[in-house]
Amino acid sequence: MAEQWLRDDLAREIGEEDLLDWGRRVAAEVPAEDVYRAREGRRTVRLLRNGRAYFLKYHGGIGWGEIFKNLSQLRLPILGAGNEYRAVNLLRALGVDTMTVAAYARAGLNPARQRSLIVTDELTGTVSLEDYCRDWRASPPPFALRQKLIRKVADSARRMHEAGVNHRDFYLCHFHLDPATLHRSSPRCYLIDLHRAQLRDKVPQRWLVKDLAGLYFSAMDTGLTQRDLLRFLRHYQPGGLRQAVAPRRFFWRSVEKGALALYRKDHGVAPPGGPWEQRQ
């Protein structure tokens, strides 16, 4: 079975060449400084074509050895670009800021040798929330700005999870903010790197906990307050804060426990300060 979708601007660039052959060739030929990742059969590179920048992820097949290794570690192997393509299209349909696909292709029934690619437009003028919020503990932002970004992230997370999508790398670094839109009530903040995303009718609770624990962990050095966390819960949880605090308190305790475990594993210590600071 084969799938392919190609936008007109890249179609003119590729011409009569097979899309997957073009992707393999281009991914191998780009300069070293434009290679962002090369591992497990996947190569991510930056392209510049006719004054327009793109990112190409080419999956060349990971082999049975890598598949069995992942399964033995209770990890789902990433076989190709299909999940990312479907997740991006679904999130865009839901109104979640995310990447824009310029090309997608997949071919092959053998999961160990399946070839695929996805090309997305480069995000320009953006900054990751990890970098944007890095100094918030020492220099807290204006209350209105912090509230606006918390609401935006919570809304994106809620829409994604309600649609049956879990990210699996759900950290602040994968939200890219367009600072030029901060004057809006809902600024642009793009969710990226969906190549490990899973799509179902409903996200199992364990994967909800993993996503939200990862997000919380990545925000622990930003000086979050107890009220910030409650604001997130109010915008994320259907039914608002009343439904989040009482009926789902054990769920949120699991999220907090997972986040603390991630922080201790990554840093070797407990997080500084913590969400119990009582600032506005």
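The coordinates are above.
So, a few notes on the structure that sits alongside this text. Remember, predicted model here, so these are calculated numbers, not experimental data.

## Considering the packing of aromatic side chains
Here comes step 1: This structure, assessed with the given rule, holds nine aromatic pairs.
Here comes step 2: Judged by centre distance (5.0 Å) and plane angle (80°), the rings of Phe251 and Trp252 are edge-to-face.
Here comes step 3: By relative accessible area, which is 12% here, Trp252 ends up buried.
Here comes step 4: Pairwise contacts between aromatic rings join Phe232, Tyr236, Phe251 and Trp252 into one cluster.
Here comes step 5: Above the ring of Trp207, the side-chain terminus of Lys210 is found at 5.8 Å from the ring centroid.
Here comes step 6: Above the face of the Phe251 ring, Arg248 is positioned so that its terminal group lies 4.1 Å from the ring centre.

## Overview of the side chain of Thr120
Here comes step 1: Position of Thr120 among the secondary structure elements: in strand 6 (residues 115-121).
Here comes step 2: For Thr120, the residues in contact, after removing those within four places along its chain, are Tyr54, Phe55, Met99, Thr100, Val101 and Ala102.

## Re the layout of surface pockets
Here comes step 1: In this structure, the largest pocket encloses a volume near 1400 Å³.
Here comes step 2: Lining the largest pocket we find 47 residues, and of these Arg37, Asp169, His174, His195 and Arg196 sit closest to its centre.
Here comes step 3: When residues of the lining of the largest pocket are traced back to their parent elements, those giving at least two are strand 2 (35-39), strand 3 (42-49), strand 4 (52-59), helix 3 (63-72), strand 6, helix 7 (205-219) and helix 10 (249-267).
Here comes step 4: By residue number, the principal contributor to the lining of the largest pocket is helix 7, which donates seven residues.
Here comes step 5: Class assignment for the residues of the lining of the largest pocket results in 18 nonpolar, 11 polar and 18 charged.

## A short note on helix 2 (residues 19-29)
Here comes step 1: When we look at burial in helix 2, the residues that qualify are Leu19, Leu20, Trp22, Gly23, Val26 and Ala27. Buried residues of helix 2, seen end-on, are gathered within an arc of 155° and therefore sit on one face of the element. Among the exposed residues of helix 2, those pointing more than 90 degrees away from its buried face are Ala28 and Glu29.
Here comes step 2: Contact partners of the buried residues in helix 2: strand 1 (2-6), helix 1 (8-14), strand 3, strand 4, strand 5 (101-107) and strand 6.
Here comes step 3: Its side-chain oxygen placed 3.1 Å from the backbone nitrogen of Leu20, Asp18 serves as the N-cap of helix 2.

## Remarks on the pattern of salt bridges
Here comes step 1: All chains considered together, the criterion is met by 22 salt bridges.
Here comes step 2: Residues Asp21 and Arg115 are paired through a salt bridge, measuring 3.3 Å at the closest nitrogen-oxygen approach. On the criterion of sequence distance, the pair formed by Asp21 in helix 2 and Arg115 in strand 6 is long-range, its members being 94 residues apart.
Here comes step 3: You can call Asp21 partly exposed: its relative accessible area is 29%.

## Observations concerning helix 10
Here comes step 1: Taking 1.5 Å as the rise per residue, helix 10 with 19 residues should run 27 Å; its terminal C-alpha atoms sit 27 Å apart, in good agreement.
Here comes step 2: Turning to helix 10, its buried residues are Phe251, Trp252, Val255, Ala259, Leu260 and Tyr263.
Here comes step 3: A positive backbone phi angle near 80° is found at Gly268, which sits one or two residues after helix 10.

About the thresholds
Residues numbered from 1 in each chain as written. Predicted model: local features only at pLDDT ≥ 70, side-chain atom pairs only at ≥ 80, totals over all residues. Heavy atoms only, no water. Phe/Tyr/Trp six-rings, centres within 6.5 Å; stacked < 30°, edge-to-face > 60°. Buried < 20%, exposed > 50% of the residue type's maximum accessible area, 1.4 Å probe, protein only. Lys NZ or Arg CZ within 6 Å of the ring centre and 35° of its normal. Helix = DSSP H or I, 4+ residues; strand = E, 2+ residues; numbered from the N terminus. Contact = heavy atoms within 4.5 Å. 1 Å grid on protein atoms, 1.4 Å probe; cavity = no way out; pocket = protein on both sides within 12 Å on 5 of 7 lines; lining within 4 Å. Points joined across faces, edges and corners; volume = space filled by probe spheres on them. Nonpolar A, V, L, I, M, F, W, Y, C, P; charged D, E, K, R; others polar. Arc of directions from axis to C-beta. Polar contact = N/O pair within 3.5 Å; in protein donor to acceptor, adjacent residues only side chain to side chain. Salt bridge = Lys/Arg side-chain N within 4 Å of Asp/Glu carboxyl O. Expected span 1.5 Å × (residues − 1).

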